Amino acid sequence: MKKEILNPEIQKYINANLNADLHSLLLKKSPFPEVSMQDIVQQIKGKQVAQKKFPFLLKDGIIFPPQLNLEQSSSEKTAVYKSKILKGKKFIDLTSGFGIDAYYLSKNFDAITLVEQNTELLEIVKNNWEVLNKKAQFIDQKLEDFLTENKEDFDVIYLDPARRDQHKNKVFLLEDLSPNILEIQDNLLSISEEVIIKLSPLIDLKYLISVLKSVSKIEIIAVRNDVKEVVIFLSKNYSGNIICNCVNLESDEKSFSFNINSEKNAIAEYSEPQRFIYIPNNTILKAGIFNLISSHFKLKKLHPNTHLYTSELRIEDFPGRILEMEVVDSKQIKKKEQFNLISKNYPLKPEEIKKKYQLKDGGYQYLIFTQSKKGKIILKSV
């Protein structure tokens, strides 16, 4: 980390070029002998990412890490959400990275420890936390070495394992992550009452429950219906029911919590489309609770493989979109009409439907191509 990047003249140059073409900038020679143009562009990229992902870092004195570290960091939105469900005396982040999660998750703790094996990244976080007036113990060490030498207990351990292998390819199984969660889970639970692990949104929930010990809770977190994280909670000696919470941040949808085993016993009823059609948000689809949603909200399902629901009267608090719709014949669809196209359990994809019927994207109306128990149907918003 080059502290020279904080020189007021260099910072002025960075701020003046926030909208510049970065490829063109990289071809130029740095106007400052103490820093390279690569260093300058790294800071510009960091500020650009921070504007959307973690705006609290848009302060004088903040230093940004390379692009990969920015990409791997949690957003401020998801970190703030997680911080509201944690408190205690001693918090440790064993894979602190750029420290976004640690900054927020540790707000309700007295003592904070950050472990990070990337020395330069840890120095950047130390600088930034000083700017933000946030105190912590910073440990420059491999996680495995820290666990071998550690003699302390903690209230909460947090991990966000690296999800890329040595060839930079994405990996998902817990034994392929760095660190290998399956190898260290007993050690973690021996020194903490609660272990929280942030995982890929693509991870399979049944697989997680089958390989991890003492799972007490799972959080599926989306932002504007884009699933960002699956967060799993391990509680020491826990053997009770596992609760899963589906939350869609920055939406007006209520979160939905359920016992992870409840889907097994839930029975869905079926019906042809009625007045209202319900489209579950992506956290519900990720959870795979297709029958539970039907029975809980007293909605009818269109088809075993069509995850759309229906009712004659509007049911509020549904975790997803509610549309008033009617069944139409394909002949009623006019060329050049504008629709938000949805294809669920239907042979054609939206782009193919758009081409076949010569439709335009967008607008306020919806057109759903799907299937009920009686066969293929088309639904149009009223």
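See the structure printed just above.
Just so we're clear, the structure is a prediction, and the values are computed from it rather than from any experiment.

## Details of helix H1 (residues 8-16)
Buried residues of H1: Ile-10, Gln-11 and Ile-14, and no others. With its buried residues spanning 100° around the axis, H1 presents them on a single face. Seen from the buried face of H1, the exposed residues on the opposite side, beyond 90 degrees, are Pro-8, Lys-12 and Ala-16. In the core, the buried residues of H1 are packed alongside helix H3 (37-53). Backbone nitrogen of Glu-9 and a side-chain oxygen of the N-cap are separated by 2.8 Å at the start of H1; the cap is Asn-7.

## Focus on the pattern of salt bridges
What the rule picks out here adds up to 17 salt bridges. Measuring nitrogen to oxygen at the nearest pair gives 3.8 Å for the salt bridge that ties Glu-229 to Lys-198. Taken as a pair, Glu-229 in strand E7 (residues 226-235) and Lys-198 in strand E5 (residues 192-199) lie far apart in primary sequence, 31 residues in all. Accessibility classification places Glu-229 together with Lys-198 in one group, the buried group. One salt bridge in this structure joins Lys-217 and Glu-219, with 3.8 Å as the shortest N-O distance. Classification of Lys-217 by relative accessible area gives partly exposed; the value is 23%. Residues joined by salt bridges that share partners form a network here, namely Lys-82, Asp-101, Asp-160, Lys-198 and Glu-229.

## Re the sheet that holds strand E15 (residues 338-343)
Within the open sheet, the eight strands sit side by side as E10-E12-E13-E11-E14-E17-E16-E15. Their pairing is mixed. The sheet is open, and its two borders are formed by strand E10 (269-270) and E15, each paired with just one other strand. Pairing geometry for strand E16 (residues 360-372) and strand E17 (residues 375-381), over six bridges, is antiparallel. Within E17, the residue paired with Thr-370 across the bridge is Ile-377.

## Notes on the packing of H1 against H3
Where H1 meets H3, the closest approach of the two axes is 9 Å, and the angle between their N-to-C directions is 55°. In terms of orientation, H1 lies oblique with respect to H3. Both H1 and H3 take part in a crossing whose hand is right-handed. On H3, the residues that touch Ile-10, Gln-11, Tyr-13, Ile-14 and Asn-15 of H1 are Met-37, Ile-40, Gln-43, Ile-44 and Lys-47.

## Notes on empty space enclosed by the protein
Under the criterion given, the structure shown has two cavities of 30 Å³ or more. Taken as a whole, the largest cavity holds about 60 Å³ of empty space. If you trace the largest cavity, you find it lined by Phe-56, Leu-57, Phe-98, Gly-99, Ile-100, Tyr-103, Val-125, Asn-128, Trp-129 and Leu-132. Elements with a minimum of two residues in the lining of the largest cavity: helix H6 (100-105) and helix H7 (119-131). Considering each element in turn, the lining of the largest cavity owes the most residues, three residues, to H7. Within the lining of the largest cavity, the residues separate by chemical class into eight nonpolar, two polar and no charged. The computed volume of the second largest cavity comes to approximately 30 Å³. Considering the residues around the second largest cavity, the lining is formed by Cys-246, Asn-248, Glu-253, Lys-254, Ser-255, Phe-256, Asn-281, Thr-283, Ile-284 and Pro-319. Listing elements by their share of the lining of the second largest cavity, those giving two or more residues are strand E8 (243-249) and helix H12 (282-287). Looking at the lining of the second largest cavity residue by residue, the classes come out as four nonpolar, four polar and two charged.

Criteria and thresholds
Counting from 1, residues in each chain are numbered in the order their sequence is written. It should be noted that, the model being predicted, local features are given only for residues of pLDDT at least 70 and side-chain atom pairs only at 80 or more, the latter also being counted only at that level, while totals for whole chains, interfaces and linings use all residues. As a rule here, side-chain values cover all heavy atoms of the structure and leave hydrogens and water aside. Here the term buried applies to any residue with accessible area under 20% of the maximum for its type, exposed to any over 50%, and partly exposed to those in between, with areas from a 1.4 Å probe on protein chains only. Helix and strand definitions here come from DSSP, where helices need a minimum of 4 consecutive H or I residues and strands a minimum of 2 consecutive E residues; each element is numbered from the N-terminal end. Each direction from the helix axis to a C-beta atom contributes to the arc, which is the arc of those directions. The contact criterion used throughout is that any non-hydrogen atoms of two residues lie within 4.5 Å. Two N or O atoms form a polar contact when they lie within 3.5 Å of each other; inside protein one atom must be a possible hydrogen donor and the other a possible acceptor, and for residues adjacent in sequence the pair counts only when both atoms belong to side chains. Here a salt bridge means any side-chain nitrogen of Lys or Arg lying within 4 Å of a carboxyl oxygen belonging to Asp or Glu. Note on pairing: DSSP must find at least two bridges between two strands before they are called paired. The angle between two axes is taken between their N-to-C directions and runs from 0 to 180 degrees, where each axis is a line fitted to C-alpha atoms and a helix contributes only its stretch in contact. Working definition: roughly parallel below 35 degrees, roughly antiparallel above 145 degrees, roughly perpendicular at 65 to 115 degrees, and oblique for all remaining angles. Crossings are assigned a handedness: left-handed for a near helix turned anticlockwise from the far helix by less than a right angle, right-handed for a clockwise turn. A 1.4 Å probe that fits into a set of points on a 1 Å grid over the protein atoms alone but cannot get out defines a cavity; an open set with protein on both sides within 12 Å along at least five of seven lines defines a pocket, and lining residues are those with an atom within 4 Å of a point. Grid points are joined across faces, edges and corners, and a volume is the space filled by probe spheres set on the points. Classification used: nonpolar for Ala, Val, Leu, Ile, Met, Phe, Trp, Tyr, Cys and Pro, charged for Asp, Glu, Lys and Arg, polar for all others including Gly.

Everything listed here is a matter of geometry and, on its own, says nothing about what the molecule does.
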